[in-house]
Every structure is written in structure tokens, then in C-alpha cells.
Amino acid sequence: MRFALRNKSKLIKAFGEPFYLQLIKCLSNHFESNVQIDRLEIEGLNYQVIEVPKSSSEIYQFAVTREMYDVLTLAYYKTVER
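Below, the structure is looked at part by part. (Residues numbered from 1 in each chain as written. Predicted model: local features only at pLDDT ≥ 70, side-chain atom pairs only at ≥ 80, totals over all residues. Heavy atoms only, no water.)

### Considering the overall build of the protein
Filter applied, for reference: Only DSSP runs of H or I reaching four residues or more are called helices, and only runs of E reaching two or more are called strands; each is numbered from the N terminus. Between the two quantities, the radius of gyration covers C-alpha atoms and the globule rule is 2.2 Å times the number of residues to the power 0.38. For the exposure calls, accessible area comes from a 1.4 Å probe over protein chains only, and a residue counts as buried if that area is under 20% of its type's maximum, exposed if over 50%, partly exposed in between. Any two residues whose heavy atoms approach within 4.5 Å at even a single point are treated as in contact. His is not counted here, nor are the chain ends, while Lys and Arg score as positive and Asp and Glu score as negative. To locate a charge, take atom NZ for lysine, CZ for arginine, CG for aspartate or CD for glutamate.
Along its length, the protein carries two helices and five strands. For the protein, the N- to C-terminal ordering of α and β elements is β-α-α-β-β-β-β. Taking 82 residues into account, the globule formula puts the C-alpha radius of gyration at 12 Å, and the protein, at 12 Å, falls close to it. By principal-axis analysis of the C-alpha atoms, the protein measures approximately 30 × 30 × 25 Å. Burial statistics for the protein: of 82 residues in total, 33% are counted as buried. Partitioning the contacts of the protein with sequence separation of at least 6, the portion at a separation of at least 24 is 42%. Considering the protein, the positive charge centre built from 11 side chains and the negative charge centre built from 10 side chains are found 8 Å apart.

Right, dumping it as C-alpha cells:
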């Protein structure tokens, strides 16, 4: 399975390039190490969500906006504490 992250320029503008690079690094590691990508339902959100660990205390959440073939198109949703 592969991924595509939406809104690169908006993410860099809002959070900075180091944050964006950290998102990409965590996503790459997550997709390389997991054959099955688990999806969650969050009340009030119309999209399924995947959780990607940042550290032992934080998780990035991404909305799955589209799936075509083996590519998930993702939008950064938020960072949550464990």
C-alpha cells in the first residue's frame, strides 16, 4: 500500500517545512512496516482515519479522502496525545 499526502504547500505554510518532513517520514515508516493499515471512524468526521505514531506519546491522525488501487490519499487531521 502507498500514500499521497494532500496540500503540501498549505501544510508547509501553516506548520513549517520541518513539521511536513516529519509527517512524511512517519507516514513512510508506517506504510513500510504495516501490511494492513487499520482505519478508524471518528464521530462527526465524514472520513475514515488512520493513526500514525510520531513518538511514544503522540499520534498523527490522517483522514483517508480517497482510495484508488493501492494508494490512499490522505489529509492531515490532527496530532493527539496518547
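Picking up after the structure, the text goes on.
### Let's talk about the side chain of histidine 30
On the secondary structure map, histidine 30 appears in helix α2 (residues 17–33). Apart from residues lying up to four places away in sequence, histidine 30 is in contact with Ile37, Glu51, Val52 and Pro53.

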